[in-house]
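Residues per chain, in single letters:
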Amino acid sequence: ARWALTAARGLALVALGAALTWMLRPSPSTVPLTRPSVDVLPADEISSADVAEPASMATPGGSRTALAWTPDGEAIVFVGRRAGASQLYLRRLYDVEARPIAHTEGAQQPAVSPDGQWLAFWAGGAIRKMHLGGGPVMDVAGGFNEPPWGLAWDDRGRLYAGRGPGGAVWVVPPDGPPAPATKVGASEVAHILPSSLPGGQTLLYTARKRQWSWGDEEIVAQDLASGARKVLLKDAVDARYVAPGYLVFLRRGTLFATRFDPERLETRGAQVAMLDSVAQALTASNSDYVTGAGQFAVAPTGALAWLRGMVTPYPQATLAAVDRQGRVSPLPAPARSYGPAARLSPDGRRLAVIVRTLEDAGVWIYDLERGVTTPLAGGGEAWIPVWSPHGLRLAFEWLENGRQALAVQPADGSTPPQALAPGDLTVSAFTPDGRRVAVVRDSKELLTMAVDPGRPDPQPLTRGARQAERWPEFSPDGRWLAYGSDVSGRFEIYVRPYPGDGQAEPVSADGGWSPAWNPNGRELFYVSLPDAQGRRRLMAAAFAPGSPPRIGRPQALFEFDPRQLRFACTPVRCYGVAADGRRFYVTAPRAPATPAPVTHVTLALDWAAELRARTRNR
């Protein structure tokens, strides 16, 4: 029986080798017509997707790179998921199936050292490493609460990790504490997806300038000794060096290559599209998963492994009106990739919304009477536009050329957005006189700012607050401020006089988000905390001004699923309230089809030859 099993295994290996040889033979065009692949058994799928990532929006393979070669090009380490649990697996190309790697439960972002001895990965809030052949796991860098946006070794034994939004690339030396290796510039959002050039003297990384869209990223080479930087490529993400002289990188799911001199740090010749439909994390429901990471790996031998996947578009949504009983009436607006915002103009005739694409996230106006949507001049990324009291202007958080700012724009789109003040400033509401706006700074601090260009005059809305505060909303007469605070240990809704430091009076009783005033000034709406099934309720409480004001017992108007009706946003409100207080306006996402799990890794074992052939004389 043992002899028979051995013979069968040998025949299987011979057959697989023959199949690989046949499929990898050169064609006259030097482009293979077919590609071999290996399955990920005993894992159910290969995926680095976080448990919080909605399956319908997850990039095939997840938001972090899920695979890495061993230096000899004979095996792949990948993040496998089996029965809902993830760990790392080692898949040798000519084995029957992969082998789970002990003590790597919950691991993401695998990286194999250039000498093939060590395996690094993220798990449990730390970057860790272990001998690839097995053994104890060692923490090498704590404080990484989220998986890094890229993890790579250099040939001096150092690890480099991207810290994600707002962060630089950090270096983890073999015998010292982690430290920043790069410094994010004023026109950049983050440095991500690091990789190293031979010799360990130069670091490659992607300089990110947006949060939700793509097109102005840069591949940067930085001298680690001097800190000197050089931009190598524009509109390019996740570059890797391939010996003896190539850079490969991604641009919207297509893998490109160009010849490259690693000594002079110069690209040469054309940028050649080598392979399309490479899975890349370009969209998500949460910007923490819009990483740009590509699901591909190139071994020092020139072998390429990748996961197939079309670019996942932002999901389509519709616009809807919801009455006080929770009855939903779709509006006759075309379905688009609407963001969460649907803010009603003071005259009740228009909705300001955000439309996201791979290239931008701009403000659009939907005319409720005519049933048409019109884009305003844009080019960057806007977030939750808010109408001025007379409906002539819109204010919003604006990201352009890597710089966040509070901005205003005419509602007719006659001029582009104008930045008023720099910073992470999310607009919530205008004061009734239109001279100031309430903003949430850094998602926790409430301020008012003037809308005069160059004279923002920031002033705190609440004084001495040590807790997070969100959703500031002025009453229609301008004498009261509703807002949310977690001073009790969870977010509750409060009302206090405005301006001044009067006593804060509670509105909600069991937690609350996102308040809004009835335009008659006699009622407050807010969103409840989710129940065990994730459902929420829109609540209403009567309000009568006074000293103190009289606030009624909150009553539930209706229950809703936040995945279907966008009432629950943070740090500012995203739904609109009709003038009569009888209808609410929201965006309603359409449920996209959940992508099929990725069960195979596609291979090109002699991809270096293809690189040479395709980039020669170009």
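Residues numbered from 1 in each chain as written. Predicted model: local features only at pLDDT ≥ 70, side-chain atom pairs only at ≥ 80, totals over all residues. Heavy atoms only, no water.

Engineer: Explain the packing of aromatic side chains to me, please; I cannot follow it from the model alone.
Structural biologist: Aromatic rings considered in pairs are described by the distance between their centres and by the relative angle of their planes. Under the definition given, this model contains 19 aromatic pairs. With a centroid separation of 5.9 Å and 65 degrees between ring planes, the pair formed by Phe396 and Trp398 is classed as edge-to-face. Just as Phe396 is buried, Trp398 falls in that class too. The side chain of Lys129 reaches across the aromatic face of Trp118, ending 4.4 Å from its centre. Over the face of the ring belonging to Phe256 we find Arg251, whose NZ or CZ atom lies 4.8 Å from the ring centre. (Phe/Tyr/Trp six-rings, centres within 6.5 Å; stacked < 30°, edge-to-face > 60°. Buried < 20%, exposed > 50% of the residue type's maximum accessible area, 1.4 Å probe, protein only. Lys NZ or Arg CZ within 6 Å of the ring centre and 35° of its normal.)

Engineer: Explanation requested: the environment of Thr374 in the structure shown.
Structural biologist: Mapping Thr374 onto the fold places it in strand E30 (residues 372-375). Exposure remark for Thr374: the relative accessible area of 41% places this residue in the partly exposed category. A sequence separation of 39 residues divides Thr374 from Gly413, and the C-alpha atoms of the two residues are 9.3 Å apart. (Helix = DSSP H or I, 4+ residues; strand = E, 2+ residues; numbered from the N terminus.)

Engineer: What exactly am I supposed to notice about the sheet that holds strand E7 (residues 108-112) here?
Structural biologist: Where strands meet in a sheet, backbone hydrogen bonds hold them as pairs that are either parallel or antiparallel. One open sheet holds the 4 strands; their spatial order is E7-E8-E9-E10, and the pairing between them is antiparallel. Strands at the two margins of the open sheet, each flanked by one partner only, are E7 and strand E10 (138-141). Each neighbouring strand pair of the sheet contributes to a mean axis angle of 30 degrees, computed without reference to strand direction. Here strand E9 (residues 126-131) runs beside E10; their pairing, made up of 3 bridges, is antiparallel. Paired with Ile127 across the two strands is Ala141, which belongs to E10. (Pairing = 2+ DSSP bridges. Axes fitted to C-alpha atoms, helices over the stretch in contact; angles between N-to-C directions.)

Engineer: I keep staring at the state of the cysteines and nothing clicks. Help me out?
Structural biologist: Note: disulfide means a covalent bond formed between the sulfur atoms of two cysteine side chains. The final tally for this structure, using the stated rule, is 1 disulfide. Paired through a disulfide, Cys569 and Cys574 show a sulfur-sulfur distance of 2.1 Å. Negative torsions about the S-S bond denote left-handed disulfides, and the value of about 80 degrees found for Cys569 with Cys574 makes this one right-handed. Assigned by exposure class, Cys569 and Cys574 land together as buried. (Disulfide = S-S within 2.5 Å.)

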